[in-house]
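Each chain is listed here by its residues.
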Amino acid sequence: MSAAPPCARSSTPYVTTSPCRRRRLPKPRSSRRKTGSRSWAAAARRRTRSSFNRANTARSPAIAPSQGGFVAASQLQDTDEAVLVLDNVSKGFSGVQALDAVTLRARAGEVLALMGENGAGKSTLLKIMSAAHAADSGRIVLDGNEVSFASPVDARRNGIRVVAQEPEIMGNLSVAENVYVGALPRNGRLVDRARLFEMARSDIERAGFSGLLDPRAYGRDLSPAQRQIVEILRALVGKPRVIAFDEPTSSLSDHEAEALFHLIGRLCEDGIAVIYVSHRMKEIFRVATRVLVLRDGRVVGERPADETDDSELVRMMVGRDLSTLFHHTSHEPGRPILSLRNLTSADVHDVSFDVHAGEVVVLAGLVGAGRTELARAIIGDLPVTGGTILVDGEEMKPTSPRDAIRAGLCLAPEERKTQALLMKRSVKDNISLAIVGQLSRWHVIRRRQEREVAARHARRLSVRTPNLDNEVSKLSGGNQQKVVLARWLARRSKLLILDEPTRGVDVGAKADIYAIIDQLAAEGAAVLVISSELPEVLGLADRIVVMQRGRVSGELGRDEASEENILGLSILEEEAA
Ligand SMILES: Nc1ncnc2c1ncn2[C@@H]1O[C@H](COP(=O)(O)OP(=O)(O)OP(=O)(O)O)[C@@H](O)[C@H]1O
Ligand SMILES: [Mg+2]
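Residues numbered from 1 in each chain as written. Chains lettered and ligands numbered in written order. Predicted model: local features only at pLDDT ≥ 70, side-chain atom pairs only at ≥ 80, totals over all residues. Heavy atoms only, no water.

**Student:** Would you mind going over the site of ligand 1 in detail, with residue names and values included?
**Tutor:** Around ligand 1, the structure places 21 residues, and the nearest of them are G119, K122, T124, S476 and G478. Q165 places a side-chain nitrogen or oxygen 3.0 Å from an oxygen atom of ligand 1. Between ligand 1 and G478, the relevant distance is 2.7 Å, taken from an oxygen atom to a main-chain nitrogen or oxygen of the residue. When isolated, ligand 1 has an accessible area of 630 Å², and the protein chains bury 91% of it. Per-class residue counts for the shell around ligand 1 are 5 nonpolar, 11 polar and 5 charged. Both of domain 1 (49–168 + 235–317) and domain 2 (418–492) provide at least three residues apiece to the shell around ligand 1. (Near = heavy atom within 4 Å. Polar contact = N/O pair within 3.5 Å; in protein donor to acceptor, adjacent residues only side chain to side chain. Areas by Shrake-Rupley, 256 points an atom, 1.4 Å probe, with all protein chains shown as cover. Nonpolar A, V, L, I, M, F, W, Y, C, P; charged D, E, K, R; others polar. Domains from an automatic or database assignment.)

As structure tokens, then:
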């Protein structure tokens, strides 16, 4: 197989043509910008779809695109020199050695999956790559030359892109401005808004996200999925060479995730090196060529994706076998704790169902089906416009989450960073937040008890933190999620609503969370879980309520549920309607 160096196959608009032999790469010259290779959008306008495909094939002789553009691992081994190498990189934060001599090689046209438990060091590694953090030791080698990026802007200019785990979107700017910030098209000194929106529209279409995002919508009005798509689009602007996706699908629906997988396939065809971080095995085997596993900041091993399997990867990540991911014991449901009768709010219509003591009910459906809105209406966070909510047989009209908490209902929300956590406060304060009333006497918090409760719940959920006084902002994404759950588990409420409880959580901690949910139900709590992951829906639920466009489209008992009939109730009838 011919082994063209990655930098040599680059007429593509988003693969840099910059020379490879420099210690630090120069800023792109203005003449290069004038060639029209500035953006995806510009490229889209210049080419028809068929010429785009032709160009790709001609451009990548070393890589024979297999189905969907992905390349079998065997085709790649020992062909290309890596575009980017993070060589022996170490990074410590106070009290934590986040990375210890980690080496990662990103090769053109390949998807390298990066896996590991929460806190293993994945995001830190990507942040070093994009110069958001400086490594304590180790080298970054781009096209065979050691580089040192002065800033994230410098790394970006050199084609390094990281799609962050928690996108930073500016609420008062439009989607288009958020995507092109720093590279807005100008007409003289003014921003050319017509061109800006047209570029964004064309980029959205080209990336395969048509209909999912309005270029003129404001950042503050975007759903988590839309924010994630904006973050992805940003990475495509200009000439990326290496794109790292940090858990990109955690807030995407299956449909949106599918669009992303196609996009990744095309990026590979165009010789871009892709790094993909995810806790979802299915996705890893769908997109990855190779898998690099980290544990406690060290490399445990690297495998070609087609020469490994779920259990080997789990063993590498967790250090033990996980025989059962799901814990489910059948409990005899008790009295109804929550009864909804024709509940209606802005995005929820005529919803009726019960959740009994000792029962786990899972709300399934597509992202946008109205499940989070329903949960927020139940706890008084969104106005109810019709119908009734009965708690333990008594009508409740909560006007705020505080009312609902008093009545014994709790919601662990989906958006941990904005809706749940006090990022500047400690792990202990965040866990004990919902129980300070219970822990206080004469308005004085019993500190020792507070610490004990926080420590017990942090341990139960394996929250990885050097100590309980550590600021929550310093935890890894998955560990932050565990802190949110620990808070509501500490409260021991009658009804616990968990909105996407395992989002961003590693496979070992997932098993712990499923066991805890099962145990809560066994102890008599009613649990309502919102989940978009079908295996989780099937593994956890005693009963499944499927929603579609704000309405209940069906209910399934544990024994009659399957991926097909849940999907059927989520999508198919909608298409028929
Ligand atoms: N700014 C920071 N200050 C202190 N410690 C930090 C900081 N950022 C990360 N850490 C710590 O470094 C370790 C690695 O964190 P990192 O975010 O890289 O994990 P991760 O593998 O991305 O986990 P997850 O799957 O939960 O996202 C964790 O123990 C985390 O608490
Ligand atoms: Mg992370």
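Now that the structure has been shown, we can carry on.
**Student:** I'd like a rundown of the pairing of strand 18 (residues 409–412), residues and numbers included.
**Tutor:** Here strand 18 shows two buried faces, one formed by L409 and L411 and the other by C410 and A412. Here strand 18 runs beside strand 21 (residues 495–499); their pairing, made up of 4 bridges, is parallel. For L409, the partnering residue across the bridge sits in strand 21 and is L495. (Buried < 20%, exposed > 50% of the residue type's maximum accessible area, 1.4 Å probe, protein only. Helix = DSSP H or I, 4+ residues; strand = E, 2+ residues; numbered from the N terminus. Pairing = 2+ DSSP bridges.)

**Student:** Tell me about the coordination of the magnesium ion (ligand 2), and please be specific about residues and values.
**Tutor:** Tetrahedral coordination by four donors puts the ideal angle at the metal at 109.5 degrees, and octahedral coordination by six puts it at 90 or 180 degrees. S123 (OG) and Q165 (OE1) make up the full set of protein donors to the magnesium ion (ligand 2), lying at 2.1 to 2.4 Å. Of this pair, S123 sits in helix 5 (residues 122–129) while Q165 sits in the loop between strand 6 (160–163) and helix 7 (175–180); the two residues are 42 residues apart in sequence, bridging distant segments of the chain. Side by side, S123 and Q165 carry an identical accessibility label, which is buried. (Donors = N, O, S within 2.8 Å, 3.2 Å for Na, K, Ca; no water.)

**Student:** Quick rundown of the nonpolar core? Include the residues and the values.
**Tutor:** In terms of nonpolar packing, the biggest core is built from 54 residues, with F209, L233, F245 and V291 touching the most fellow members. Here this core takes 8 residues from helix 10 (residues 254–269), the largest share from any one element. Leaving out residues up to four positions away in the same chain, F245 has contacts with V163, I232, L260, I264, L267, V274, I275, Y276 and V277. (Core = buried A, V, L, I, M, F, W, Y, C linked by side-chain atoms within 4.5 Å. Contact = heavy atoms within 4.5 Å.)

**Student:** Could you give me a rundown of the environment of S345, with the residues and numbers involved?
**Tutor:** Tracing the backbone shows S345 in strand 13 (residues 336–345). In this structure S345 comes out as buried when scored by relative accessible area, which is 5%. Those residues in contact with S345 that sit more than four places away from it in its chain are A377, P383, V384 and T385.

**Student:** Tell me what's going on with the packing of helix 9 (residues 224–236) against helix 10, and back it up with residues and numbers.
**Tutor:** Packing of helix 9 against helix 10 brings their axes to within 12 Å, and their N-to-C directions diverge by 10°. Taken together, the axes of helix 9 and helix 10 are roughly parallel relative to one another. Packed against helix 9, whose contacting residues are A225, I229, I232 and L236, the element helix 10 presents E256, L260, L263 and L267 at the interface. Within the contact of helix 9 with helix 10, the residues separate by chemical class into 7 nonpolar, no polar and 1 charged. (Axes fitted to C-alpha atoms, helices over the stretch in contact; angles between N-to-C directions. Parallel < 35°, antiparallel > 145°, perpendicular 65-115°, else oblique.)

**Student:** An account of the environment of S473 is requested, with residue identities and associated values reported.
**Tutor:** If you trace the backbone, S473 turns up in the loop between helix 18 (447–460) and helix 19 (477–491). Considering only alpha carbons, one finds S473 and V427, 46 residues apart in sequence, at a separation of 9.2 Å. Apart from residues no more than four positions distant in its own chain, S473 is found in contact with M423 and Q480. Polar side-chain contacts of S473 include one of 2.7 Å to the side chain of E471.

**Student:** Let's hear about the pairing of strand 13: which residues, and what values?
**Tutor:** Two strands pair when backbone bridges link them, and strand 13 and strand 14 (residues 348–356) are joined in this way by 6 bridges, in the antiparallel orientation. Each bridged residue has a counterpart across the sheet, and for S339 the counterpart in strand 14 is D354. Where strand 13 folds back onto strand 14 in an antiparallel hairpin, the turn is made up of 2 residues.

**Student:** Can you tell me about the sheet that holds strand 4 (residues 137–142), naming the residues and giving the values?
**Tutor:** Picture the strands of a sheet paired through backbone hydrogen bonds; they go either parallel or antiparallel. The strand order across the open sheet formed by 4 strands is 2-1-4-5, and the pairing between neighbours is antiparallel. The open sheet has two edge strands, strand 2 (96–106) and strand 5 (145–147), and neither has a second partner. On average, adjacent strands in this sheet sit at an angle of 30° to one another, irrespective of strand direction. Looking at chain direction, strand 4 and strand 5 are connected through 3 bridges and run antiparallel. Within strand 5, the residue paired with L142 across the bridge is N145.

**Student:** Could you give me a rundown of the environment of V291, with the residues and numbers involved?
**Tutor:** With respect to the helices and strands, the residue V291 is situated in strand 11 (residues 290–295). As for V291 and D306, which are separated by 15 residues in sequence, their C-alpha atoms are 9.6 Å apart. Once you skip the residues sitting within four places of it in the chain, V291 turns out to touch L112, A113, M115, I284, G301, E302, R303, A305 and L313.

**Student:** Describe in detail the pattern of salt bridges, supporting the description with residues and values.
**Tutor:** Summed over all chains, the structure comprises 33 salt bridges. Its salt-bridge partner being D87, residue R139 comes within 3.1 Å of it at the nearest N-O pair. You can see R139 sitting in strand 4 and its partner D87 sitting in strand 1 (residues 84–93), a full 52 residues away along the chain. Judged by its relative accessible area of 37%, R139 is partly exposed. (Salt bridge = Lys/Arg side-chain N within 4 Å of Asp/Glu carboxyl O.)

**Student:** I'd like a rundown of unusual backbone geometry, residues and numbers included.
**Tutor:** Most of the time, phi is negative for any residue but glycine, and the peptide bond is trans. The phi torsion at D143 lies on the positive side, around 50°, for a residue other than glycine. Residue position: D143 is located in the loop between strand 4 and strand 5. Despite not being glycine, S462 shows a phi value in the positive range, around 50°. Position of S462 relative to the elements: it lies in the loop between helix 18 and helix 19. Taking the relative accessible area as the measure of exposure, S462 reaches 37% and is therefore partly exposed.

**Student:** I'd like a rundown of helix 9, residues and numbers included.
**Tutor:** Between its first and last C-alpha, helix 9 extends 19 Å over 13 residues, near the 18 Å set by a 1.5 Å rise per residue. Of all 13 residues making up helix 9, 11 are buried, and the element is well covered by its neighbours. When we look at burial in helix 9, the residues that qualify are A225, R227, Q228, I229, V230, E231, I232, L233, R234, A235 and L236. Looking one or two residues past helix 9, G238 carries a phi angle of roughly 85°, positive in sign. (Expected span 1.5 Å × (residues − 1).)

**Student:** Pulling in residues and values, what's your account of helix 13 (residues 371–378)?
**Tutor:** Of all the positions in helix 13, only R371, L374, A375, A377 and I378 are classed as buried. Looking straight down helix 13, one finds that the buried residues subtend no more than 160° of arc, so they occupy a single side. Once helix 13 finishes, G380 follows within two positions and takes phi at roughly 80°, a positive value. (Arc of directions from axis to C-beta.)

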